Amino acid sequence: MQDEVPDPAALCVPNGDDDVRLLRRLDVREGETGVGGRVDTFIGVAVDCETTGIGDEDAIIELALRRFRVDPAGVIVKIDRPYSWLEDPGCELPEDIVRLTGITNADLAGKSIDDGVALRLLKSATFVCAHNASFDRRHVERRLPEAAGLAWCCSCNDIDWRANGFDGRSLGWLLAQSGYFHGAHRAVDDVDAVIQILRQNMPDGTTALAQMLTTARAPSWRFRAVGASFEVKDLLRLRGYRWDAASNPKCWWREVPDARRAEEEWWLASHVYSMEANPKALGPIIERLTWRERYAPTAPSNRPP
């Protein structure tokens with residue numbers, strides 16, 4: 001026997017029932033949102049790009065931007081129209097990118113990003129955000145060098161989604177847990193998805209956007225464990241350090257929040273720079289990061305160990 005189909009009227013409350021959950025197609029509309037204040041507002045811009053691959057040298061094939069206005073409490077009060085451009089990378093697209101995005105070589109032929117408009121939008125904002133900011137910032141600044149140095153946030157890493165009751169951090173999954181679905185893997189759709197999850201109300205009464213801004217505005221510290229011996233590499237990996245083969249000198253590195261700087265210095269002194277660990281340097285290189293440096297392409301460090 002076919003299961004009974006629930007009455008649509010019973011599904012009007014998004015995700016309000018533990019037995020049945022309704023996903024609505026995402027529709028982020030231009031204009032006033034009807035919530036929040038109108039005093040001391042500022043501008044954010046959500047960014048997403050599709051590329052020919054995931055490497056540093058891969059080219060953007062689609063760039064999407066959308067501005068929104070935010071009140072001091074982190075509530076989005078107004079949303080601008082979306083902007084998006086396709087761009088011919090000058091090479092054939094890999095088949096997996098065509099399958100993933102639905103963008104074809106014919107779609108891109110002769111197309112290009114409007115640099116002037118894209119730069120105007122980016123520079124008009126107090127902050128730029130993306131769901132994988134290190135990826136998008138790297139490609140945006142490579143394509144638009146004049147956009148370097150802006151303040152960036154990451155809706156994936158600058159919010160503790162699990163602590164707020166969400167399972168996982170992927171954009172599509174966060175959106176689904178908020179009651180929506182969208183056309184993933186196109187830049188303009190992903191920009192709208194970012195805006196929507198940032199509007200999410202969190203258990204503590206703040207918005208996801210407010211939490212992201214609090215994290216992003218606070219300084220953090222990048223520790224470069226220069227001169228660490230090969231024998232401590234597993235300890236560093238377990239601690240959350242990543243290997244940077246592009247830096248000079250090559251080293252393991254990790255970013256920690258301001259409140260944990262002293263803890264990290266003590267850990268390194270005990271495990272990496274003690275006499276027993278046989279280090280080749282006296283201590284780590286420590287760099288202060290703000291949201292203008294965070295997620296930027298890592299510049300090789302030429303300072304001596």
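None of the values given here were measured: they were computed from a predicted structure. (Residues numbered from 1 in each chain as written. Predicted model: local features only at pLDDT ≥ 70, side-chain atom pairs only at ≥ 80, totals over all residues. Heavy atoms only, no water.)

1. Examining the layout of surface pockets
In this structure, the largest pocket occupies an estimated 1100 Å³ of space. What lines the largest pocket is a set of 32 residues, and nearest its centre among them are Ser-134, Arg-242, Trp-253, Glu-255 and Tyr-295. Among the elements of the structure, α4 (133–143), α7 (208–217), β9 (220–225), β10 (242–244) and β11 (251–257) are those that each provide at least two residues to the lining of the largest pocket. When residues in the lining of the largest pocket are grouped by element, the largest group, five residues, is from β11. (1 Å grid on protein atoms, 1.4 Å probe; cavity = no way out; pocket = protein on both sides within 12 Å on 5 of 7 lines; lining within 4 Å. Points joined across faces, edges and corners; volume = space filled by probe spheres on them. Helix = DSSP H or I, 4+ residues; strand = E, 2+ residues; numbered from the N terminus.)

2. Here's the deal with the sheet that holds strand β4 (residues 60–70)
On the basis of which strands lie adjacent, the open sheet formed by six strands has the order β2-β5-β4-β3-β6-β7 and mixed pairing. With one partner strand each, in any of the chains shown, β2 (31–32) and β7 (152–154) form the two edges of the open sheet. Relative to β7, strand β6 (residues 127–130) is paired through three bridges, and the arrangement is parallel. When the sheet's bridge partners are listed, Ala-130 is paired in β7 with Cys-154. (Pairing = 2+ DSSP bridges.)

3. Regarding the pairing of strand β3 (residues 42–51)
The buried fraction of β3 amounts to ten of the ten residues, a majority that puts the element mostly inside the structure. Where burial is concerned, the two faces of β3 agree: the one with Phe-42, Gly-44, Ala-46, Asp-48 and Glu-50 and the one with Ile-43, Val-45, Val-47, Cys-49 and Thr-51 are both buried. Pairing of β3 with β4, which is carried by ten bridges, proceeds in the antiparallel orientation. Within β4, the position partnered with Asp-48 by the bridge is Ala-64. One ladder, built from three bridges, connects β3 with β6; its direction is parallel. Looking at β6, one finds that Val-45 is bridged to Val-128. (Buried < 20%, exposed > 50% of the residue type's maximum accessible area, 1.4 Å probe, protein only.)

4. As for the environment of Arg-29
One can find Arg-29 in the loop between β1 (24–25) and β2. It is 9.2 Å that separates the C-alpha atoms of Arg-29 and Asp-192, two residues lying 163 residues apart in sequence. Within the local environment of Arg-29, its side chain forms a polar contact with the side chain of Asp-27, the two groups lying 2.7 Å apart. (Polar contact = N/O pair within 3.5 Å; in protein donor to acceptor, adjacent residues only side chain to side chain.)

5. Digging into the packing of aromatic side chains
Summed over all chains, the structure comprises seven aromatic pairs. Ring centres of Phe-127 and Trp-291 lie 6.4 Å apart, and the angle between their planes is 20 degrees; on these two criteria the pair is classed as stacked. With Phe-127 in strand β6 and Trp-291 in the segment after β12 (285–289), this residue pair connects regions lying 164 residues apart in the sequence. Each member of the pair, Phe-127 together with Trp-291, is buried. One aromatic cluster is present, built from ring pairs that chain together Phe-42, Phe-68, Phe-127 and Trp-291. Between Arg-222 and the ring centre of Trp-253, over which it is positioned, the NZ or CZ distance is 5.5 Å. Between Arg-261 and the ring centre of Trp-221, over which it is positioned, the NZ or CZ distance is 4.1 Å. (Phe/Tyr/Trp six-rings, centres within 6.5 Å; stacked < 30°, edge-to-face > 60°. Lys NZ or Arg CZ within 6 Å of the ring centre and 35° of its normal.)

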